[in-house]
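Spelled out, the chains give:
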Amino acid sequence: MESKYAIIGNSVAAVGAIEAIREIDKEGLITVVSDENVYNYSRPLISYYLGGKVEERNMYFRDKGFYERNNVKLILGKKAQRLDVNKHVVYLADETIIRFEKLLICTGGKPIVPNIEGLSEVREGVFSFTKFSDAKSMLSYIKLNGIKSAVVLGGGLIGLKAAEGLLARGLRVTIVELADRILPNTLDKEASEMLERALVGLGCSVLKGDTIIGVSTTDGVLKEVYLKSGRVIPSSLLVIAIGVRPNLDLIRGTSIGYDRGIIVDDQMQTNIAGIYAAGDVAQAKDFLTSMNSVLALWPVAFRQGKVAGFNMAGKETKYEGLFPMNSVEIAGIPTISFGLSNPQDGENYEVLVKKDGRVPLYRKIVLKDGRIVGGIFLGKIERTGIFVGLLKAGMDVSSFKEELLQDDFGFVVLPESYRKHMIVGEVIET
Amino acid sequence: MRRGSLVEGIKRVIVREEYCMGCRLCEIHCITQHSKSKNILKLFKGEEPKPLSGIYFEERGPTSFALQCRHCDDAPCLEACIGGAMYRDPITKRVLHNREKCVGCWMCIMVCPYGVIKADHSEKKVASKCDLCIEAGFPACVENCPNEAVILIDQYGRRVLKEG
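Let me sum up the structure you'll find in this document.

Here we look at the interface of chain A and chain B
- Taken together, the contacts link 43 residues of chain A with 36 residues of chain B.
- Listing elements by their share of the side of chain A that touches chain B, those giving two or more residues are α7 (298-312), β21 (325-330), β22 (333-339), α8 (384-393) and α9 (416-423) of chain A.
- Considering every element that reaches the side of chain A that touches chain B, the biggest residue donor is α8(A), with five residues.
- For the side of chain A that touches chain B, the per-class residue count stands at 25 nonpolar, 10 polar and eight charged.

This is the structure:
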């Protein structure tokens, strides 16, 4: 079959691209291929589904008519097996052939599976946690077998959200994290400890500086988990959540350039003209470092997909680059971190902090040469976007930096010209 | 000046801080407009839960102003929303928010450069923001500002007055 646009992958980058293409080109056929047999569900919502906080009907972030309305041919449950970059052809697992003019690869990430002795013998009881089907099969496994406890390997975002979902289902949960604290990549020690205390308050055990080296089974069902420290945890449910890596299956063996992810330019195009990449599979410009990096984050994937879509449809659009940013609520405590929230070479940065461990409340802003380069807001997160905006604007905040962590911080303390530009803009009295 | 329906094109409420007297009537009328009774006396005599106002009121010394959703052309909250709760109304082009779909992840709060989305903890945790009062016909904050500091403008920056 012929399709002007082919999109491999059906998550948020794909939706961003479809919406962008249709702003420019109302006609050209778009074909979306996904190996998952499910509509455009939101991956971050799977932990809410696991915890019983979101029903299946609310898992979808676009309505049922989305594909039809946008004239998209949707091919679900089929894997894109092979790509011929010279002929501009994608071959699906069932030998379907799609000839395209423009291709977007947004195949996302694959969960990393560590070397654990005995893991290959487990038939039931070990799950990764990145897909809707992971959440569904985990839930039915829990119900069918009356599972009462679980071990989660990895104290990053995915691990913590999985743990929270399991706690909400009444399971006893043990988190095992190799680093000396949870969320080591996004938070600093203070913020990590506040969230850890809250998780422990929910009855969760958190084991740090430890990892899983082996598992045992009975008739193929997980029975015990062995830790490096020598500890043995009897459990029939293990969630492996130590991270994802870009899913490069489709481009291996082609001439598309990749490093950690598929390398793209500032139009989200790969080294092959007409072939683009976006989302967790792409390695694109990082706003803070001006280097290329893989940022497996929802808003980044949407923006990259949108930029790719515009360029595919012929509207030249530049990707300005984004930076790490995440908002997550763990154990009822909202936490937002962005940019360089925990710089290692401390002497080059100025750090402003306000905290109250009892509430808990933690606010931190990292400055470099008078400009905001990162921050952490925990407990009270309203208006955090103003700081993210100041980072993007590259504004020198040194003249009002002692105001930044005041409770009433807002546009009122910003220089009048910036404030008026932001909140009023141009007004024409006619 | 234009008189017209709210329906065509993106509109936004802005405040001219030099006219703002800091009376905060905009907030009171916003809360009233979004309450169940829509009656200022019933509301303040005990209607619960009271809605949050869609306004951030800022004040420092002689300077004060109200700030609410800009209904941006290129709205970052639409891209950041993991639940598809934040959406653009196809007819009025407002950025609206579906409370039922919202899971309270606060991604919108993280990316809004105006800081005008609130976390509403009254029932289920959801985001809360200005909806331009379209269902009522005209923004309550604009209609009730005694000094015309809060005004409505269209996408070209032209002032829009209430019809009639």
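Some thoughts on the sheet that holds strand β12 (residues 212-218) of chain A
Residues and elements named next belong to chain A.
- Read from one edge to the other, the open sheet built from three strands follows the order β12-β13-β14, with strand pairing classed as antiparallel. Strands at the two margins of the open sheet, each flanked by one partner only, are β12 and β14 (232-234). Averaged over neighbouring strand pairs, the angle between their axes works out to 25 degrees when direction is ignored.
- As paired elements, strand β13 (residues 221-227) and β14 share three bridges and run antiparallel to each other. Looking at the pairing, Glu224 lines up with Pro234 of β14.

Description of the environment of Met86(B)
Residues and elements named next belong to chain B.
- When you line up the elements, Met86 lands in strand β5 (residues 86-88).
- A count of 25 C-beta atoms within 10 Å places Met86 in the buried class.
- As for Met86 and Lys129, which are separated by 43 residues in sequence, their C-alpha atoms are 10 Å apart.
- Once residues within four sequence positions are removed from consideration, Met86 is found in contact with Cys77, Leu78, Cys81, Val95, His97 and Cys108.

Re the sheet that holds β22(A)
Residue and element names in this part refer to chain A.
- Here we have five strands laid out as an open sheet, ordered β21-β22-β25-β24-β23, and antiparallel in their pairing. In this open sheet, the two edge strands, each paired with only one partner strand, are β21 and β23 (350-356). The sheet shows a mean angle of 10 degrees between the axes of neighbouring strands, direction not considered.
- Each of β21, β22, β23, β24 (361-368) and β25 (371-378) is contacted by helix α6 (residues 189-201), which is oriented at about 155 degrees to β22, the strand it contacts most.

Rules of the game
- Residues numbered from 1 in each chain as written.
- Chains lettered and ligands numbered in written order.
- Predicted model: local features only at pLDDT ≥ 70, side-chain atom pairs only at ≥ 80, totals over all residues.
- Contact = placed C-beta atoms within 7 Å.
- Helix = DSSP H or I, 4+ residues; strand = E, 2+ residues; numbered from the N terminus.
- Nonpolar A, V, L, I, M, F, W, Y, C, P; charged D, E, K, R; others polar.
- Pairing = 2+ DSSP bridges.
- Axes fitted to C-alpha atoms, helices over the stretch in contact; angles between N-to-C directions.
- Buried ≥ 20, exposed ≤ 12 C-beta atoms within 10 Å, placed from the backbone.

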